[in-house]
Amino acid sequence: MPSPKPILPQVPAQTYIPYHVPSIGEEEIAEVVDTLKSGWLTTGPKTARFEKEMAAFVGAPCTVAVNSCTAGLHLALAAADLRPGDEVITSPYTFAATAEVIIACGGRPVFIDVEANGFNLDPAKIERAVTRRSRAIMPVHFAGEPCRMDEIKEAAQRHSLRIIEDAAHALGASYHGHKVGTLSETTVFSFYATKNLTTGEGGMVCTLDAELAAKIKRLSLHGLSRNAWNRYARGGSWYYEIKEAGFKYNFTDLQASLGLHQLIKFPAMQQRRRRLAALYRSLLQEVDELQMPPDPVGVEHAWHLFVIRLRPGRLKIDRDRFIEALHEHGIGTSVHFIPLHLHPYYRDRYGFRRGDFPNAEAAYDGAISLPLYPQLEEEKVKEIASAVRNLIQKNKKSVHTFIKEEL
Ligand SMILES: *Cc1c(COP(=O)(O)O)cnc(C)c1O
């Protein structure tokens, strides 16, 4: 792990291009006010409507809204009866949530490296990771690029593994004409503040299995036989039964108020993301020192993130310094992700070291997430791209130097 970074110097707010700005409009605000005045704040009619509209949008037969993607992933594993000692195969190139829910169930995350020059787990590495204790695979559709699901499904079938997709980045993505959310038994989306569709905090479990959906729904509210809306709405009854020990992961009508309007705007927001991603690519793809994010044929990318990579050894400055320099130019960026195996907890508990997942490490060492959100003007994208190009021009090693270093 790198040492803590110094606080970056202040740049005047008017000229700064923030890394992220949420797209919340008057419609969302009015709907939240309507909910506040309705007298029903928690899981209720608007949550039910949002679940139905999400099911229609994704084409998934069953949807359960929950208070985060992390909660949804946890519930999906709990509903799959993950037991202590069970192994779940996943990618180290992800956010904390993906592996911690496996650990929360008493399971063991088994990492496999991402593809060379890519960000998604390499299906060819599944085979060697399977043991008698393997129970599931959790693919992560990084940045909104769908994983190679045909190969993942084939491996899962061969070894009777369940698939639980971490689709936190991938609402709106599709794979060979099929939307993410319909590709395997269980898929979980995130509506966190920075995600492509936001409810502030929130998530959605999509499943093809109605029985599994009912179980996830029950577990999301203490394992109760009925939720409060069923009990307290007119004609409801005070009676409930605890069917099993669950969690408190339910979604609220306040969150649904945001989600219902975000979903209406979603196709337009996605179109805008695609357009900005294409603009970045056209402005930066000729730069030798950079690697553009993958955009494979046959898939629709959700463009949650636009992550460029600095090619190793080409510049006199490293990625961290590059990010500081962009900040000094008034451009906010981020890094997705610090591979999980490099974090102290994973290093200490499982004995991981740098070198264990070289493709993930190489991705991390060069990765810079550029600003990408519907409100970002095309002029700003051009400004960002030219700042990136100028920095590279100023800091590139001579061809002679880097060839000598490679030898
Ligand atoms: C954001 C994110 C999550 C967690 O989503 P929450 O809704 O914040 O729980 C999980 N996985 C990945 C890859 C994410 O980026």
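Refer to the structure presented above.
Residues numbered from 1 in each chain as written. Predicted model: local features only at pLDDT ≥ 70, side-chain atom pairs only at ≥ 80, totals over all residues. Heavy atoms only, no water.

### Some words on the overall build of the protein
Part 1 of the argument: When helices and strands are tallied, the protein shows 14 helices and 13 strands.
Part 2 of the argument: The C-alpha radius of gyration of the protein comes to 22 Å, within 12% of the 22 Å expected for a compact globule of 407 residues.
Part 3 of the argument: Considered along the principal axes of its C-alpha atoms, the protein spans approximately 80 × 55 × 40 Å.
Part 4 of the argument: Evaluated residue by residue, the protein yields a buried proportion of 54% over its 407 residues.
Part 5 of the argument: Partitioning the intrachain contacts of the protein with sequence separation of at least 6 by distance along the chain shows that 71% fall at a separation of at least 24.
Part 6 of the argument: Of the roughly 18500 Å² of accessible surface on the protein, a fraction of 53% belongs to carbon and sulfur atoms.
Part 7 of the argument: Side chains of the protein give 49 positive and 47 negative charges; the mean places of these two sets differ by 2 Å. (Helix = DSSP H or I, 4+ residues; strand = E, 2+ residues; numbered from the N terminus. Rg over C-alpha atoms; globule rule 2.2 N^0.38 Å. Buried < 20%, exposed > 50% of the residue type's maximum accessible area, 1.4 Å probe, protein only. Contact = heavy atoms within 4.5 Å. Areas by Shrake-Rupley, 256 points an atom, 1.4 Å probe, with all protein chains shown as cover. Lys, Arg positive; Asp, Glu negative; His and termini not counted. Charge placed at Lys NZ, Arg CZ, Asp CG, Glu CD.)

### Some remarks on the pairing of strand 2 (residues 87-90)
Part 1 of the argument: Here strand 2 shows two buried faces, one formed by Glu87 and Ile89 and the other by Val88 and Thr90.
Part 2 of the argument: Handedness of the strand 2-helix 4 (residues 96-104)-strand 3 (residues 108-111) crossover: right-handed.
Part 3 of the argument: As paired elements, strand 2 and strand 4 (residues 134-138) share four bridges and run parallel to each other. When the sheet's bridge partners are listed, Thr90 is paired in strand 4 with Met138. (Right-handed = clockwise from strand over helix to strand, strands pointing away. Pairing = 2+ DSSP bridges.)

### A short note on the nonpolar core
General note: in soluble globular proteins, nonpolar side chains tend to be found buried as a group.
Part 1 of the argument: Counting residues in each nonpolar core, the largest one holds 39 residues, and the members touching the most others are Phe50, Met54, Ile89, Ile152, Leu171, Phe189 and Phe191.
Part 2 of the argument: Every element with two or more residues in this core is listed here: helix 2 (45-58), helix 5 (126-129), helix 6 (149-158), strand 9 (203-207) and helix 9 (253-284).
Part 3 of the argument: For this core, the element with the highest residue contribution is helix 9, accounting for five residues.
Part 4 of the argument: Each of domain 1 (26-262) and domain 2 (267-406) accounts for three or more of the residues forming this core.
Part 5 of the argument: Every residue in contact with Phe50, bar those within four places of it in the chain, is listed here: Phe191, Leu197, Met204, Phe251, Ala256, Gly259, Leu260 and Leu263.
Part 6 of the argument: Membership of the second largest hydrophobic core comes to 32 residues, among which are Leu279, Leu284, Val287 and Leu315. (Core = buried A, V, L, I, M, F, W, Y, C linked by side-chain atoms within 4.5 Å. Domains from an automatic or database assignment.)

### Digging into the sheet that holds strand 12 (residues 306-310)
Part 1 of the argument: With antiparallel pairing, the three strands of this open sheet are ordered in space as 10-12-13. Here the strands that pair on one side only, and so sit at the sheet edges, are strand 10 (290-291) and strand 13 (367-370).
Part 2 of the argument: Sheet topology places strand 12 next to strand 13; four bridges connect them, and they run antiparallel. Its bridge partner being in strand 13, Phe306 is matched across the sheet by Leu370.

### Focus on the site of the ligand
Part 1 of the argument: The ligand sits among 16 residues. The nearest are Thr70, Asp166, His169, Ser190 and Lys195.
Part 2 of the argument: The backbone of Cys69 places a nitrogen or oxygen atom 2.9 Å from an oxygen atom of the ligand.
Part 3 of the argument: At 2.7 Å from a nitrogen atom of the ligand is found a side-chain nitrogen or oxygen belonging to Asp166.
Part 4 of the argument: Burial of the ligand by the protein chains amounts to 93% of its free accessible area of 380 Å².
Part 5 of the argument: The site holding the ligand turns out to be the largest pocket.
Part 6 of the argument: Looking at the shell around the ligand, the elements with two or more residues in it are helix 3 (69-79) and helix 4.
Part 7 of the argument: Of the residues that constitute the shell around the ligand, the class distribution is seven nonpolar, seven polar and two charged. (Near = heavy atom within 4 Å. Polar contact = N/O pair within 3.5 Å; in protein donor to acceptor, adjacent residues only side chain to side chain. 1 Å grid on protein atoms, 1.4 Å probe; cavity = no way out; pocket = protein on both sides within 12 Å on 5 of 7 lines; lining within 4 Å. Sits in = over half its atoms within 2 Å of the grid points. Nonpolar A, V, L, I, M, F, W, Y, C, P; charged D, E, K, R; others polar.)

### Some remarks on the environment of His169
Part 1 of the argument: Here His169 lies in the loop between strand 5 (162-166) and strand 6 (174-175).
Part 2 of the argument: For His169, the contacting residues outside a window of four places in its chain are His141, Phe142, Ala143, Gly144, Lys195, Ala302, His304, Leu305 and Phe337.
Part 3 of the argument: A polar side-chain atom of His169 sits 2.8 Å from the main-chain amide nitrogen of Ala143.

### Regarding helix 1 (residues 26-38)
Part 1 of the argument: The terminal C-alpha atoms of helix 1, which comprises 13 residues, lie 18 Å apart, in line with the 18 Å expected from a rise of 1.5 Å per residue.
Part 2 of the argument: Of the residues making up helix 1, those classed as buried are Glu28, Glu31 and Thr35. What you see down the axis of helix 1 is that its buried residues fit within an arc of 65 degrees, all on one side. Exposed residues lying more than 90 degrees from the buried face of helix 1 are Glu26 and Lys37.
Part 3 of the argument: The elements touched by buried residues of helix 1 are helix 2 and helix 9.
Part 4 of the argument: At the exit of helix 1 stands Gly39, carrying a positive phi of roughly 85 degrees. (Expected span 1.5 Å × (residues − 1). Arc of directions from axis to C-beta.)

### Structural notes on the packing of aromatic side chains
Aromatic rings in a pair are described by how distant their centres are and how their planes are angled relative to each other.
Part 1 of the argument: With the rule as written, the count across this model stands at 20 aromatic pairs.
Part 2 of the argument: Where Phe50 meets Phe191, the ring centres are 5.6 Å apart and the plane angle is 65 degrees; that geometry is what we call edge-to-face. Taken as a pair, Phe50 in helix 2 and Phe191 in the loop between strand 8 (186-190) and strand 9 lie far apart in primary sequence, 141 residues in all. Each member of the pair, Phe50 together with Phe191, is buried.
Part 3 of the argument: Summarising the aromatic geometry, the rings of Phe111 and Phe352 are spaced 5.5 Å apart at their centres and angled 45 degrees between planes, so their arrangement reads as tilted. Residue Phe111 is found in strand 3, and its partner Phe352 is found in the loop between helix 11 (344-350) and helix 12 (358-366); the two are separated by 241 residues along the sequence.
Part 4 of the argument: For Phe352, a relative accessible area of 14% puts it in the buried group.
Part 5 of the argument: Chaining the aromatic ring pairs together yields one cluster made of Phe111, Tyr345, Tyr346, Tyr350, Phe352 and Phe357.
Part 6 of the argument: Lying across the ring of Tyr364, Arg319 places its NZ or CZ 4.8 Å from the centre. (Phe/Tyr/Trp six-rings, centres within 6.5 Å; stacked < 30°, edge-to-face > 60°. Lys NZ or Arg CZ within 6 Å of the ring centre and 35° of its normal.)

Interpretation in functional terms is not warranted from these geometric data alone.
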